[in-house]
Amino acid sequence: TVGSDTKAGLMSPKNMLTTTITDELRLATNFKSKVIGISLKDRGSILPAGHSANAAYWYDGQTGDWITSTHYMKKLPSWLEDHNKMKLANKFFDKNWNTLYPIETYTQSTADNVPYEGKARGEETPTFPHPLKLYIGKNYDMIKSTPYGNTITLDLAKLAILSENLGQGSSTDFLAVSCSATDYVGHQYGPNSVEIEDTYLRLDKDLEEFFNYLDTKIGKGNYLFFLSADHGAAHVSTFMEDNKLPGGLYSDSKVVKTINTLIEEKYHVKKAIVTSRNSQFYFDHDAIKAANADFTAIKNLAIETLKKEDEIFDAVDLNNLANETIPEQIKKAITYGYNAKRSGDVYYILKSNYFGGGKTGTTHGSWNPYDAHIPCVFMGWNVKPGKTNKTHYMTDIAATLAAMLHIQMPSGCVGEPITELTHQ
Ligand SMILES: [Zn+2]
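First, a word on scope: everything that follows refers to the structure included in this document. Please read these numbers as outputs of a predicted model, since none were measured by experiment.

## Some thoughts on the pairing of strand β8 (residues 280-283)
Item 1. Pairing of strand β7 (residues 273-277) with β8 involves 4 bridges; the strand directions are antiparallel. Pairing of S276 across the sheet is with F281, part of β8.
Item 2. Connecting the antiparallel pair β7 and β8 is a turn made up of 2 residues, with N278 showing a positive phi of about 50°.
Item 3. Alignment of β8 against strand β10 (residues 346-350), held across 2 bridges, turns out to be antiparallel. Looking across to β10, one finds that Q280 is bridged to Y347.

Structure, rendered in structure tokens:
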């Protein structure tokens, strides 16, 4: 960790197997391009900034400081040390969190006090105004699940542009910013909450200010801006229930136990499923081999048992995906997410709007449109206003940027340039 005494900086892009668009930009300009990543989350900063970035900064919730890892540098730049000393989170806590506009004008959300919103630590109800003063000097982490998390992120982005002279040199620089407060607020209160409506209204304001800053500092038309997201989210399960819509919760711990018992009885392998992560079962390959048991039969037993579960749409053998009868679109998504060394052996697909979680808040991670349909906005340098409803994928963004910048695509790029943008 560089910038605090905690373990929050013990992070790096070590496990990312490919180059990123930012790595390719560095390579193409013989490392003259400056690349900086900024996010509340370590991964939101590190992964887009790439292996060869000049810096990736993220927020240490234990100290309220922006930090990095020795992967990038030995010491924080002095402008960031000075910035950290101000402990700006306290300034935002002092304002509490009330709605930006009168609460009765919030027409895109359900009532402010509903039982399926998660409550913030120290709060009696999940309602406005959210008292934040109680966190001053005590719990810097709490800023993440308020819209101020985005504000402090974009404030740091502006400071980095100024302090590192981004966009002022002869090569193209790249600033990768991830506004992660939307994710924290969404998980806690759900996509139909007043909290999330307010968070987006405030993000809109913060972005306006950011564009004005870019227009002044870099100049209109001199910068290329793009915006996307890594996922959407399901509606909160009880919200769906209340509105007679399909959906619900699922926990696989019981079925894992059942399957493990069945396998032990029939094949004499104890705890054959070691763990279940991201809808994937990981089997104990060594134990199955040692018992001389039929792995295919074991997997089939797991799949058949899974398929009987009410909440499950289907289950497949990840090593035999080509022969599974599931929709091509879902198969493709699973294939792209599969890595022989890292993935599990059996994958299960939940029915739409089912997810693993609690009675309050929500999560993401499915193939369904509410999770997978994300925004894609390009603006500025060489971009004419327009829109398209043609399907493009998040993997197309790097290919599009590579085409616009005349540089190589990332080493693992499977996307294609969005020609509506590159053929203008
Ligand atoms: Zn999330």
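## What to know about empty space enclosed by the protein
One water molecule sets the probe size; rolling that probe over the atoms shows where empty space is left.
Item 1. What the rule picks out here adds up to 3 cavities of 30 Å³ or more.
Item 2. Considering only enclosed or pocket space, the largest cavity measures out at about 110 Å³ in volume.
Item 3. Within the residue set of the lining of the largest cavity, elements represented by two or more residues are α3 (78-85), α4 (88-94) and α5 (148-163).
Item 4. Split into classes, the residues belonging to the lining of the largest cavity amount to 7 nonpolar, 3 polar and 2 charged.

## Let's talk about the coordination of the zinc ion
Item 1. Those donors, D183 (OD), D183 (OD), H187 (NE2) and H364 (NE2), are the protein atoms that reach the zinc ion, and they lie 2.1 to 2.6 Å from it.
Item 2. For the zinc ion, the 4 donor atoms in the first shell make angles of 53 to 163° at the metal, a pattern classed as irregular.
Item 3. Mapping the donors of the zinc ion onto the primary sequence yields the spacing D-x3-H-x176-H. Here H364 lies in the loop between β11 (354-355) and α13 (369-372) and D183 lies in helix α6 (residues 181-189), a separation of 181 residues in the sequence.
Item 4. In this structure H364 comes out as partly exposed when scored by relative accessible area, which is 28%.

## With respect to the layout of surface pockets
Item 1. Taken as a whole, the second largest pocket spans an internal volume of roughly 240 Å³.
Item 2. Forming the boundary of the second largest pocket are F92, K95, L100, Y148, T151, L154, D155, K158, R202, K205, D206 and E209.
Item 3. Contributing elements (two or more residues each) for the lining of the second largest pocket: α5 and α7 (194-217).
Item 4. The element that contributes the greatest number of residues to the lining of the second largest pocket is α5, accounting for 5 residues.
Item 5. For the lining of the second largest pocket, a count of residues per class yields 4 nonpolar, 1 polar and 7 charged.

## Observations concerning the packing of aromatic side chains
Two aromatic rings are characterised by how far apart their centres lie and by the angle between their planes.
Item 1. Tallying each qualifying case throughout the model produces 13 aromatic pairs.
Item 2. For the pair W97 and Y189, a centre-to-centre distance of 6.4 Å together with 80° between the ring planes defines the contact as edge-to-face. You can see W97 sitting in the loop between α4 and α5 and its partner Y189 sitting in helix α6, a full 92 residues away along the chain.
Item 3. Ring geometry for F174 and F226: centres 6.4 Å apart, planes at 75°, overall edge-to-face. Highlighted residues: F174 in strand β4 (residues 174-178) and F226 in strand β5 (residues 224-228), separated in sequence by 52 residues.
Item 4. Against the face of Y140 rests K87, its NZ or CZ located 5.6 Å from the ring centre.

## Remarks on the sheet that holds β8
Pairing between the strands of a sheet comes from backbone hydrogen bonds, and it takes one of two forms, parallel or antiparallel.
Item 1. Strand order across the open sheet formed by 4 strands is β7-β8-β10-β9, with antiparallel pairing between neighbours. The sheet is open, and its two borders are formed by β7 and β9 (312-317), each paired with just one other strand. Strand-to-strand twist across the sheet, computed as the mean angle between neighbouring axes with direction ignored, equals 20°.
Item 2. Two elements, β9 and β10, share 5 bridges in a ladder whose sense is antiparallel. From the neighbouring strand, I312 faces β10, where its bridge partner is L350.

Rules behind the numbers
Residues numbered from 1 in each chain as written. Predicted model: local features only at pLDDT ≥ 70, side-chain atom pairs only at ≥ 80, totals over all residues. Heavy atoms only, no water. Pairing = 2+ DSSP bridges. Helix = DSSP H or I, 4+ residues; strand = E, 2+ residues; numbered from the N terminus. 1 Å grid on protein atoms, 1.4 Å probe; cavity = no way out; pocket = protein on both sides within 12 Å on 5 of 7 lines; lining within 4 Å. Points joined across faces, edges and corners; volume = space filled by probe spheres on them. Nonpolar A, V, L, I, M, F, W, Y, C, P; charged D, E, K, R; others polar. Donors = N, O, S within 2.8 Å, 3.2 Å for Na, K, Ca; no water. Tetrahedral: all angles 85-135°; square planar, octahedral: opposite > 155°, others 65-115°. Buried < 20%, exposed > 50% of the residue type's maximum accessible area, 1.4 Å probe, protein only. Phe/Tyr/Trp six-rings, centres within 6.5 Å; stacked < 30°, edge-to-face > 60°. Lys NZ or Arg CZ within 6 Å of the ring centre and 35° of its normal. Axes fitted to C-alpha atoms, helices over the stretch in contact; angles between N-to-C directions.

No statement about biological role is implied by the geometric values presented.
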